[in-house]
Amino acid sequence: MSGRVEGKVAFITGAARGQGRSHARRLAQEGADIIAVDLCGPVSANSPIAPSTPDDLAETVDLVKGLGRRIVAEQVDVRDFDALTAAVDGGVEQLGRLDIVVANAGIGNGGATLDKTSESDWTDMIDVNLSGVWKTVKAAVPHLLSGGRGGSIILTSSVGGLKAYPHTGHYIAAKHGVVGLMRSFAVELGQHSIRVNSVHPTNVNTPMFMNNGTMKLFRPDLENPGPDDLKVVAQLMHTLPVGWVEPEDISNAVLFLASDEARYITGLPVTVDAGSMLK
């Protein structure tokens, strides 16, 4: 099967690398043109994860163009509603329409218990992982409505949006909030044939998970843990014998939800979790 989103346009946040780049590539493979945004820089001065760069976003652009699709890319902070609106407005002007929204941009920070989480870490997390999702959808909805063709909105949550883990309470709170956004948008936009769903990945092989901070969080018993050390513990989270999944695994779920195959699916939290929710 091919051409599952042929002729459609998708707006993707956090598209410079990781899951966002994978989503852009997968949707382009199936015929979509792309509006891609990413901050391409640090969210805060104390971010523990190396940020994406303009070169990363340029690589996403090249990948999409290499598939014969059009792409409009901008450096945008999802905390900035005016910038998001300008980016999606400009993208629609160039590409002619909007059909799919993938609110994917997100961060990880901290590692403290909730009672010891700093106010700055809390604020950054909620502003990006929750408010940024709301602002992304808010900026895009006018174009979905004016198109009169309905549409599909996919919000990136996490298995942490459906259950709790220690030392990540602010992340858990934000990702649970995304489920509330998804369900509320689904109820409000359904009359316009706009579907809204969320995807809930477990650990994914991207820089947000595969970094020194995560490895030390999972293996505090080791001085310099590596991926093999991480896998030993990460695999315990799942019923399937893996420590993490690949970005493409999430992209396949996003593609399904974006396509007409899912035309009557809305308000659904879709897990791609190697059985994590069974534990």
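Residues numbered from 1 in each chain as written. Predicted model: local features only at pLDDT ≥ 70, side-chain atom pairs only at ≥ 80, totals over all residues. Heavy atoms only, no water.

- The name an unreviewed UniProt entry assigns to the protein chain is Mycofactocin-coupled SDR family oxidoreductase, from the organism [Mycobacterium] kokjensenii.
- Here the protein chain is described in UniProt, under the heading Sequence similarities (unreviewed entry), as follows: "Belongs to the short-chain dehydrogenases/reductases (SDR) family." (UniProt positions renumbered as here; feature names shortened; annotations may be inferred.)

1. Remarks on the pairing of strand β5 (residues 151-156)
So, point 1. In terms of burial, β5 is largely enclosed, as six of its six residues are buried.
So, point 2. The sheet contact formed by strand β4 (residues 100-103) and β5 spans four bridges and is parallel. Paired with I100 across the two strands is S152, which belongs to β5.
So, point 3. Where β5 and strand β6 (residues 194-201) come together, six bridges link them in parallel fashion. (Buried < 20%, exposed > 50% of the residue type's maximum accessible area, 1.4 Å probe, protein only. Helix = DSSP H or I, 4+ residues; strand = E, 2+ residues; numbered from the N terminus. Pairing = 2+ DSSP bridges.)

2. Concerning helix α1 (residues 18-29)
So, point 1. Between its terminal C-alpha atoms α1 stretches 17 Å, which fits the 16 Å expected from 12 residues at 1.5 Å a residue.
So, point 2. Within α1, nine of the 12 residues are buried, which leaves the element mostly enclosed by the surrounding structure.
So, point 3. Every buried residue of α1 is accounted for by Q19, G20, R21, S22, H23, A24, R26, L27 and A28.
So, point 4. G31 sits one or two residues past α1 and shows a positive phi near 105°. (Expected span 1.5 Å × (residues − 1).)

3. Details of the side chain of R219
So, point 1. Along the chain, R219 falls in the loop between α6 (212-218) and α7 (227-234).
So, point 2. Contacts of R219, omitting those with residues within four sequence positions, involve P225, D229, L230, V232 and V233. (Contact = heavy atoms within 4.5 Å.)

4. Regarding the packing of aromatic side chains
So, point 1. A complete count under the given rule lists two aromatic pairs for this structure.
So, point 2. Pairwise contacts between aromatic rings join F209, F218 and W244 into one cluster. (Phe/Tyr/Trp six-rings, centres within 6.5 Å; stacked < 30°, edge-to-face > 60°.)

5. Section: unusual backbone geometry
With the exception of glycine, the majority of residues adopt a negative phi angle, and the majority of peptide bonds are in the trans configuration.
So, point 1. Non-glycine residue C40 carries a positive phi angle of around 55°.
So, point 2. Structurally, the position occupied by C40 is in the loop between β2 (33-38) and α2 (54-66).
So, point 3. Not every positive phi belongs to a glycine, and S193 is a case in point at roughly 60°.
So, point 4. Along the chain, the position of S193 falls in the loop between α5 (169-189) and β6.

6. So, the side chain of N104
So, point 1. Residue placement: N104 occurs in the loop between β4 and α4 (119-147).
So, point 2. Note on N104: relative accessible area 9%, which makes it buried.
So, point 3. Polar contacts involving the side chain of N104 include one to the main-chain carbonyl oxygen of G14, which spans 3.3 Å.
So, point 4. What N104 contacts, discounting residues up to four positions off in sequence, is T13, G14, Q19, G20, H23 and T156. (Polar contact = N/O pair within 3.5 Å; in protein donor to acceptor, adjacent residues only side chain to side chain.)

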